[in-house]
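# Summary of the model geometry
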Amino acid sequence: MQFLGASGTVTGSKFFVDAVRTRFLVDCGMFQGAKKLRLRNWEPFPVEPSSVDSIFITHAHIDHIGMLPRFVREGYNGPVWVTPVTLELARITLVDAAYLQEEDARFANKKGFSKHKPALPLYTVEDAEKAIGLLRPLEYGEELELGDGVRVRFGNAGHILGSATVDVQIGSGKNRLRMIFSGDLGRYETIILEDPEPGDEADYILVESTYGSRSHSPADIQAEVAAVINETAKRGGTVVVPAFAVGRTQALLYILRDLKAQERIPDLPIFVDSPMAIAVTELFCRHVEDFDEEARRIFLETGQCPILCPNLHFMRTPEESKRLNSVRYPSVIISASGMATGGRILHHLKQRLPDPRDTVLFIGFQPQGTRGQMLKDGAREIKIHGEKIPVRARIRSMDSFSRHADSGEIIRWLRTFGKPPRRAFVVHGEPEASEVLAAEIRRALEWKTHVPSYLEKVELKTGA
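Read on for an overview of the structure.

Within the protein chain one finds 14 helices and 21 strands. Relative to its length of 464 residues, the protein chain is compact, with a C-alpha radius of gyration of 22 Å against a globular reference of 23 Å. When the backbone C-alpha atoms are referred to their principal axes, the protein chain occupies close to 70 × 55 × 40 Å. Evaluated residue by residue, the protein chain yields a buried proportion of 58% over its 464 residues.

Below is the structure:
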């Protein structure tokens, strides 16, 4: 197995397994965050795409699926296995990612702030559509026979709608080897989605560590959101939320609906300004059967999708987005990307950051090197589209929105495995988070752990 991403960093999830008769990839994600990471997206792939037989995608976030169009363009032509909901989401996220790259390249060429002449997208919408054509659905619990004794099964990871763990068995009897890839693990007892599915016996486990060194705050998430909105509204300002289009936007809308129903916040307008977030929200509403018991109950009682709230407006076109620049009364603007690395949110930040009446609220993880992390760290000015923007707006951050399991929840999930694996590989985290979680696994479970480095290769042994 070789770690082609999500090792030493929280993005770029890619794990390559060479099982002699079959070669497969778990995830094909894009690196995000600091420039030195983003530059990896342009480097030659460490494995030849045409030599890979199958790909398994854990979920539709870009750091897990975003390099698939380039992988296909450079020679991959096999099946890409996903859950049915991930298939629907991927049709949205991949085309949107390609479109944003094309738009960013056009904008850079128009304004002349790119060092590259001309600036080019990493891949195009046409590339994304070719990749989408290779997606194949695999239901939770359904066993897929790849031949040569390789069997694969998806379990519910509870992270976002359609997210999966990947259970791979190679060989049989004494020569059997079983691997579990956690993907991104969800949290326990939170809104909208079910808990992560319990584990089973495995020889090797790859476990994420995004929040591996932290515990989520037990704070009342509704009270926190209400306080930010009410404080900003009293100043006559707007709350700008750089939201991840898949998952976080829908969780925030669910809470806003509840706060309005309880009259804990005014019925101020809510603008969702992200074509992808709008499409994903509509997709969520078509899959209420996959929500948790409380969300399904709200749907049955009201007859309405529980993530839609009064005075909600979807800004679908660039013209509608630009009109938000003139909105001066209290409101909430939810726009992607969640790390403020691209997309429409950059235009809203340019407009709102200089205004002390406004608030920028981060509700997702911000990797080192992103604009989001710089703003959280107290930057007094930020560079957007080659222009230095002063920061006078209030900057707030809430980790309680995260759908990533924290340290205690990861340990809780690992305890569901029947016996210790030969080794647990701690991946998908910043170096400190991964090392802290690895130490905690050794302490709490007495398991052998390893934190792999980028491009490291390890030999996985079959048999006793």
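What follows concerns the sheet that holds strand 2 (residues 15–18). Taken in spatial order, the 6 strands make up an open sheet running 1-2-3-4-5-6, and their pairing is mixed. Strand pairing shows two members of the sheet lacking a second neighbour, strand 1 (2–3) and strand 6 (135–137), which therefore form its edges. Summarising the sheet, strand 5 (residues 80–82) and strand 6 pair through 3 bridges and their orientation is parallel. Bridge pairing links Val-82 to Pro-137 in strand 6. Across the sheet, helix 4 (residues 84–111) lies against strand 5 and strand 6, angled at about 150° from strand 6, the strand it touches most.

Turning to the pattern of salt bridges, a few remarks are in order. As enumerated under the stated definition, the model contains 25 salt bridges in all. A salt bridge links Arg-422 to Asp-203; the shortest N-O distance between them is 3.8 Å. Note that Arg-422 is positioned in the loop between helix 13 (407–414) and strand 20 (423–427) and Asp-203 in the loop between strand 10 (177–181) and strand 11 (204–208), a separation of 219 residues in sequence. Of the residues examined, Asp-203 reaches a relative accessible area of 13% and is grouped as buried. Salt bridges sharing partners connect three or more residues here, namely Asp-167, Arg-178 and Asp-200.

Bringing the packing of aromatic side chains into the picture now. Within the structure shown, the criterion is met by 11 aromatic pairs. One aromatic cluster in this structure is built from Phe-3, Phe-15, Phe-181, Tyr-204 and Phe-425. It is Arg-40 that lies over the ring of Phe-31; its NZ or CZ is 5.0 Å from the centre. Across the ring face of Tyr-454, the terminal group of Arg-40 is positioned such that the distance to the ring centre comes to 3.7 Å.

A few words on the state of the cysteines. Applying the stated criterion to the full structure yields 1 disulfide. Between the sulfur atoms of Cys-285 and its disulfide mate Cys-305 the distance is 2.1 Å. Where Cys-285 bonds to Cys-305 through sulfur, the torsion about that S-S bond is close to -80°, and the disulfide is left-handed. A residue pair is termed long-range when its members are at least 10 positions apart, and Cys-285 in helix 8 (residues 275–285) and Cys-305 in the loop between helix 9 (293–302) and strand 14 (312–314) qualify at 20 residues. We classify Cys-305 as buried; its relative accessible area is 9%.

Right, let's get into the nonpolar core. Counting 48 residues, the largest nonpolar core has Val-225, Val-241, Leu-256 and Ile-334 as the members making the most contacts within it. Among the secondary structure elements, those contributing two or more residues to this core are helix 4, helix 6 (221–234), strand 12 (238–242), helix 7 (248–261), strand 13 (270–273), helix 8, helix 9 and strand 15 (331–335). Sorting elements by how many residues they give to this core places helix 7 first, with 7 residues. Leaving out residues up to four positions away in the same chain, Val-241 has contacts with Leu-252, Val-332, Ile-333, Ile-334, Ser-335, Ile-345, Leu-361 and Ile-363. Core analysis: the second largest hydrophobic core is formed by 32 residues, Leu-4, Met-67, Val-82 and Ala-97 among them.

A few words on the sheet that holds strand 7 (residues 143–147). As summarised here, the arrangement of the 7 strands in space is 7-8-9-10-11-20-21, forming an open sheet in which the pairing is mixed. Here the strands that pair on one side only, and so sit at the sheet edges, are strand 7 and strand 21 (449–450). As defined by bridge partners, strand 9 (residues 164–170) adjoins strand 10 across 5 bridges and the pair is classed as antiparallel. Considered in strand 10, the bridge of Asp-167 is made with Ile-180. Sheet strands touched by helix 13: strand 9, strand 10 and strand 11. Its angle to strand 11, the strand with the most contacts, is close to 160°. Contacts from helix 14 (residues 431–445) reach strand 11, strand 20 and strand 21 within the one sheet, and its direction differs from that of strand 20 by about 155°.

A separate point is the environment of Leu-259. Here Leu-259 lies in helix 7. On the basis of relative accessible area, Leu-259 is assigned to the buried category, the value being 0%. For the pair Leu-259 and Val-239, spaced 20 residues apart in sequence, the C-alpha to C-alpha distance is 15 Å. When near neighbours in sequence (up to four residues on either side) are disregarded, Leu-259 contacts Gln-222, Val-225, Ala-226, Arg-264 and Ile-265.

The rules behind the values
- Residues numbered from 1 in each chain as written.
- Predicted model: local features only at pLDDT ≥ 70, side-chain atom pairs only at ≥ 80, totals over all residues.
- Heavy atoms only, no water.
- Helix = DSSP H or I, 4+ residues; strand = E, 2+ residues; numbered from the N terminus.
- Rg over C-alpha atoms; globule rule 2.2 N^0.38 Å.
- Buried < 20%, exposed > 50% of the residue type's maximum accessible area, 1.4 Å probe, protein only.
- Pairing = 2+ DSSP bridges.
- Contact = heavy atoms within 4.5 Å.
- Axes fitted to C-alpha atoms, helices over the stretch in contact; angles between N-to-C directions.
- Salt bridge = Lys/Arg side-chain N within 4 Å of Asp/Glu carboxyl O.
- Phe/Tyr/Trp six-rings, centres within 6.5 Å; stacked < 30°, edge-to-face > 60°.
- Lys NZ or Arg CZ within 6 Å of the ring centre and 35° of its normal.
- Disulfide = S-S within 2.5 Å.
- Core = buried A, V, L, I, M, F, W, Y, C linked by side-chain atoms within 4.5 Å.

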